[in-house]
Amino acid sequence: MVGTPARCCAALGALLWGCALLGRGALALQGGTLYPRESPSRERKELDGLWSFRADLSASRRRGFEEQWYRRPLRESGPTLDMPVPSSFNDVGQDGQLRNFVGWVWYEREVILPERWTQDLRTRVVLRVGSAHYYAIMWVNGVHVAEHEGGHLPFEADISKLVQTGPLSSCRVTIAVNNTLTPHTLPPGTILYKTDTSKYPKGYFVQDINFDFFNYAGLHRPVLLYTTPTAYIDDITVTTDVDQDTGLVNYQIVTQGSKHFELEVRLLDAEGNVVAQGTGGRGQLQVPNARLWWPYLMHKDPAYLYSLEVRMTAQTVMGPMADFYTLPVGIRTVAVTETQFLINGKPFYFHGVNKHEDSDIRGKGFDWALLMKDFNLLRWLGANSFRTSHYPYAEEVMQLCDRYGIVVIDECPGVGIVLAESFGNQSLQHHLQVMEELVRRDKNHPAVVMWSVANEPSSALQPAGYYFKTVISHTKALDPTRPVTFVTNSNYAADLGVPYVDVICVNSYYSWYHDYGHLEVIELQLQTQFESWHRAYRKPIIQSEYGAETIAGLHEDPPLMFSEEYQKSLLARYHAVLDEKRKEYVVGELIWNFADFMTNQKIHL
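Residues numbered from 1 in each chain as written. Predicted model: local features only at pLDDT ≥ 70, side-chain atom pairs only at ≥ 80, totals over all residues. Heavy atoms only, no water.

A. Representation of the pairing of strand β13 (residues 205–209) within the structure. With 4 of its 5 residues buried, β13 lies for the most part within the structure. Alignment of strand β12 (residues 189–193) against β13, held across 5 bridges, turns out to be antiparallel. Pairing of Ile191 across the sheet is with Gln207, part of β13. (Buried < 20%, exposed > 50% of the residue type's maximum accessible area, 1.4 Å probe, protein only. Helix = DSSP H or I, 4+ residues; strand = E, 2+ residues; numbered from the N terminus. Pairing = 2+ DSSP bridges.)

Okay, structure coming up:
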């Protein structure tokens, strides 16, 4: 932990929280969040690769705004680095100052545009960022186009007017990213100013966090341009149900750009055969003898996906237009009883892991090869599920879960909510907005069966009851089809948020974080935990974290902590209780953790 003397700055003001520099707050996400897919009417241009990069090392971290770096090529502001996108910036270079940098960093790339994009006024050009951690401001040719708060969800801007203004063959994209965390961000954090000048330079500060993973930063997911017609399909919402052998696909479509349009909807099976069709912006498709979406290892033919093809034809002042979008659809149901979690009416047991988006050098940067290795390992392990601990993962991850039948507990970045001030109205309003963005992005994924609104908050604090009642109610209003939870490590008798969840998710590390070395107490303590929670709330329970650290190759017999034998013995004792309680009301176990991940440098937890 950070030593004293120190001064905690809860409100960063003008020093770091630079969105205030422009006099603008965060812009709420407008419109739909359909994943950019190519179609006969849509194109996409990847902007992955090397970008120009510069960290603002000035004491105030405001130099880039004061000198308006976004108004001219970044190289003219001073020395720049080549920075791969997507990646975290922390581990790419050899500069230790950059690894732990807190404040604004600047990215820039010159983009060559197809001629038809710049000359066809019937084409809408959109700039999209998969994620930027934590706060981002975006310019095109020096013109401000978007801001976004939150490090794990996409944002975009329609830049058509900026690139269709004349004989333009390229544009300059500039993105400023700030990784500073405050008590009101998600996740929260604080800035600690070290004021003892006999120990620290003047103005010295560090970022303090209450979560146990490294606060990687940068442009973590793909940045791209995509096009649609100016009259276009903006959003699609699909929910599914089953009536005996008939699958029911309920759809709602939102369009933009024209009031005079028609919509045609077709549902195709995996072989390309049309199995149902409809018209209009809202309706229900009935699929006789439907093939359901089943989790991995729960059915001989898991993860069956249909394709929902939507065609929009519109009349506009520039003439007729057509837009096409195809959405993968899995027909399945989710339900919860006092003792069971049901998928397609059958009991489902979460037999899986917790994960992180984390790897050497890349940090949290998206990587297809690494992602495929993870999924191959998951299936080799026999895992059927994971939780997106402790933030939303990339959209491509969700797509693979749909494709392979890996069930997901989709968690927002609500980790480290431990300070009383993080339960105030400012934090609450941002939390509600994050849940809106998360549900909007992931609502159509059949693999997503439950939302998680937080991990290990101080849910015994007095404000926690109202806070989580509000967040959970809001999430249920956004999506009535899925259960909602948060992950607790509080005592069952003191937790003020758990009354509002549908499934109780509990983290516990018996004989690891306490009763060190005493494996013999695990069974009693775990049984007591389960019985106390279920007696109090009569809800199904998931052991959402458990485990022990191990140094590979370290052996001790009898088992000692950090040895392979200790980990094996601890897990065996947990599994003995879990195997019994799953016959009653325990519906899952997610081990911590799937793979090693980076944390802050420290000698104790």
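Picking up after the structure, the text goes on.
B. Layout of the sheet that holds strand β6 (residues 123–129). Spatially, 4 strands are ordered β2-β15-β6-β10 in an open sheet, and the strand pairing comes out antiparallel. Every other strand in the sheet has two partners, leaving β2 (44–46) and β10 (155–158) as the edge strands with one partner each. Taking the axes of each pair of neighbouring strands and ignoring which way they run, one obtains an average angle of 20 degrees across the sheet. Taken together, the 3 bridges between β2 and strand β15 (residues 223–229) define a ladder with antiparallel strand orientation. Pairing of Glu46 across the sheet is with Leu224, part of β15. (Axes fitted to C-alpha atoms, helices over the stretch in contact; angles between N-to-C directions.)

C. Structural detail: the packing of helix α9 (residues 522–537) against helix α10 (residues 564–581). Taken N-terminus to C-terminus, the directions of α9 and α10 make an angle of 35 degrees; their axes are 9 Å apart at the nearest point. For the element pair α9 and α10, the recorded crossing hand is right-handed. Across the interface between the two elements, Ile522, Glu523, Leu526, Gln527, Phe530 and Glu531 from α9 touch Leu570, Arg573, Tyr574, Val577, Leu578 and Lys581 from α10. (Left-handed = near helix turned anticlockwise from the far one by under 90°. Contact = heavy atoms within 4.5 Å.)

D. How the structure looks around the packing of aromatic side chains. Summed over the entire model, instances satisfying the criterion amount to 35 aromatic pairs. Note on Trp512 and Phe562: the rings are 5.0 Å apart at their centroids and 70 degrees apart in plane angle, and the pair reads as edge-to-face. Taken together, the positions of Trp512 in the loop between β31 (504–507) and α9 and Phe562 in the loop between β32 (541–545) and α10 put the pair 50 residues apart, joining distant regions of the chain. Put simply, the rings of Phe65, Trp69, Tyr70, Trp104, Trp106, Tyr135 and Trp139 pair up and form one aromatic cluster. Over the ring of Phe214 we find Arg99; its NZ or CZ atom is 4.4 Å from the centre of that ring. Across from the ring centre of Phe386, 5.8 Å away, lies the NZ or CZ of Lys355, which sits over that ring. (Phe/Tyr/Trp six-rings, centres within 6.5 Å; stacked < 30°, edge-to-face > 60°. Lys NZ or Arg CZ within 6 Å of the ring centre and 35° of its normal.)

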